[in-house]
Amino acid sequence: MLVLCMVYLAVTRVQISIEWFRLLFLTMKQFVYFSVLVSIMLVSFGSCSKDDDSVSVESVTLNKSILNLIEDESETLFATVAPSNSDNKACSWDSSDPYTATVSESGKVTAVRKGEATITVTTVDGGKKASCRVVVEAKYIAVNEIRLSETSAILHVGESHKLTAILLPEDATNKSITWKSADDTVASVDSQGVINAHKTGKTTITASAENGTVNDICEVMVEPVAVSAVSISDKELKLIVGEEYQLVLEITPANANDKSAIWFIEDQSIAKVDDNGKVTALKTGRTTVTVRTNDGGYTDRCVIEVVEITELITGKTGRVGSVFINGVEFPSNNLTISIINNSNHSITLNSVQIIEFDTGRNSNVIDLGGIELKPKQEYWDVLSNSRYWDEPVIRWRYSYNGTDYVFDCGLTQ
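Bear in mind that the values here come from a model prediction, so they are computed numbers and not experimental data.

With that settled, consider the side chain of Thr203. Structurally, Thr203 is set in strand β17 (residues 201-209). At a separation of 3.4 Å, a polar atom in the side chain of Thr203 contacts the main-chain amide nitrogen of Ala182. With sequence-adjacent residues up to four places away left out, Thr203 is seen in contact with Ser181, Ala182, Asp183, Val186, Ala187, Cys218, Glu219 and Val220.

A word on the sheet that holds strand β34 (residues 378-383). Overall, antiparallel pairing links the 3 strands, which are arranged β28-β31-β34 in an open sheet. A single partner strand is all that each edge strand has here, and the edge strands are β28 (313-319) and β34. When the angles between neighbouring strand axes are averaged without regard to direction, this sheet yields 15°. Looking at chain direction, β28 and strand β31 (residues 335-341) are connected through 7 bridges and run antiparallel. Residue pairing across strands places Gly318 opposite Thr336, the latter belonging to β31.

A side chain with one charge can pair with a side chain of the opposite charge if their charged atoms come near. Applying the stated criterion across every chain, the model contains 9 salt bridges. When the shortest N-O distance is used, the salt bridge between Lys139 and Asp72 registers 2.8 Å. Here Lys139, found in the loop between β9 (129-137) and β10 (145-148), pairs with Asp72, found in the loop between β2 (66-70) and β3 (74-76); they are 67 residues apart in sequence, far enough to count as distant. Lys139 sits in the partly exposed class, given a relative accessible area of 36%. Relative accessible area serves as the criterion here: at 52%, Asp72 is assigned to the exposed category.

Moving on to the nonpolar core. In this structure, Ile309, Ile339, Ile347, Leu349, Ile394, Trp396 and Tyr398 are the most contacted members of the largest nonpolar core, which totals 24 residues. Of all elements in the fold, only β31, β32 (347-356), β33 (366-373), β34, β35 (392-400) and β36 (403-409) reach the threshold of two or more residues within this core. Once residues within four sequence positions are removed from consideration, Tyr398 is found in contact with Ile309, Thr310, Ile313, Ile347, Thr348, Leu349, Asn350, Thr403, Asp404, Tyr405, Val406 and Phe407. One finds Val157, Leu167, Ala172 and Val214 within the second-largest nonpolar core, a separate group that totals 23 residues.

All right, on to the sheet that holds β3 then. Pairing is antiparallel in the open sheet, where 3 strands are placed in the order β3-β7-β6. Every other strand in the sheet has two partners, leaving β3 and β6 (101-103) as the edge strands with one partner each. Averaged over all pairs of adjacent strands, the angle between their axes in this sheet comes to 20°, without regard to strand direction. Where β3 meets strand β7 (residues 108-111), 3 bridges bridge the pair, whose relative direction is antiparallel.

The next thing to look at is the packing of aromatic side chains. Counting across every chain of the model gives 2 aromatic pairs. Aromatic side chains Tyr379 and Trp396 sit 6.0 Å apart centroid to centroid with 90° between the ring planes, which places their arrangement in the edge-to-face category. One end of the pair, Tyr379, is in strand β34; the other, Trp396, is in strand β35, with 17 residues separating them in the sequence. Trp396 carries the same exposure label as Tyr379, and that label is buried.

How each quantity is defined
The residue numbering used here restarts from 1 in each chain and proceeds along that chain's sequence as written. Two thresholds apply to this predicted model, a pLDDT of at least 70 for residue-level local features and 80 or more for giving and counting side-chain atom pairs, whereas whole-chain, interface and lining totals are computed over all residues. Side-chain numbers come from the whole structure's heavy atoms, not from hydrogens or water. Numbered from the N terminus, helices here are DSSP runs of H or I no shorter than four residues, and strands are runs of E no shorter than two. As used in this structure description, the phrase polar contact means that two N or O atoms lie within 3.5 Å; if the pair is within protein, one of them must be able to donate a hydrogen and the other to accept it, and residues adjacent in sequence are counted only when both atoms belong to side chains. Any two residues whose heavy atoms approach within 4.5 Å are treated as being in contact. Note on pairing: two strands pair once DSSP finds at least 2 bridges between them. To get an axis, a line is fitted to the C-alpha atoms, and for a helix only the part in contact is used. The angle between two axes follows their N-to-C directions and goes from 0 to 180 degrees. Whenever Lys or Arg places a side-chain nitrogen within 4 Å of a carboxyl oxygen from Asp or Glu, that contact is recorded as a salt bridge. Exposure categories follow from relative accessible area, calculated using a 1.4 Å probe and restricted to protein chains: below 20% of the type maximum is buried, above 50% is exposed, and the middle band is partly exposed. Residues belong to a common nonpolar core when they are buried Ala, Val, Leu, Ile, Met, Phe, Trp, Tyr or Cys residues joined through side-chain atoms within 4.5 Å. Within 6.5 Å between ring centres, the rings of Phe, Tyr and Trp (the latter by its six-membered ring) count as paired, and their orientation is classed by plane angle as stacked under 30 degrees, edge-to-face over 60, tilted in between.

Dropping the structure here:
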């Protein structure tokens, strides 16, 4: 009986323990469920509270709207995000022309070359933008040396010569050159470096850059232009006794500095010559005038023949056409006549008539009324006559310097 009781009690305890454990398990399960639910609710509540308190970006600005830089210079732009308590202030940077100006992730702008570019900043939160115009100027490169093509030059009066200048470095910004002569009366220089020699002497040509701080010089010597030849205008000359004639001298080159010359004559009884080359005929005869340059001793000559006026008067006489009588051709009675004044003075034509060479018969005198025949001129006419002249001679009467002269001209044509 006791055993049965103990068994019963044992079984009963076991059942009680099992029940108790079952109840305990259910209780703990419910507690866990409750805890998880509470945690979820807390997390959800906390999350909702954070979303409600977040601050978004509304705008962004840059500290400069225009930025002026010189090539290779850098400057940092600063972006201000508003509001100041924005949760995400991150930004990105961009250049419209990286070949002109670049920008780093921190807003540092670096000028690359001359030109313009736009730097833009964009917020990560909201994509807000701001921009800055960047103007890049070329970097100034100063001239540190100037070299002339020549350091010395020899010119003659009237000559020109061009100097060229090289500026270093070759990519210098200001390549303007100023040219100056120490003595413009000796040699001047224009804005292109062309030297013009004016008179004998020395001067210095200076080429300057960078407002005169860099220069180079060329020593210029101007020498006289030497005579290379001389020539008299007339090589042969016929003059009348008492006549004056100016010989013209030509010196080569035309810009020779010393054009002085000495004149002298071979026979001073026939003619004389002065220091300027004016010849005066004294008596009939033949002589030579010579000129010699002082520079170089070059010479030339002119043969002078002094004659009477009669030797300088010539003429021509010819028949005009022909006539036929009984089928036989006979020369025409019409004559062409002319008289030529080869002198350097005017003569006066008084009259003309026809004289038969063999018989001496003559025609009526034709009064010319004192026609003036100027130097180197010819007077001509046609004479018609009813009689046939076999050997006609044209007799001209003229006057010169108050004296009357006769010139006979037979058939020449």
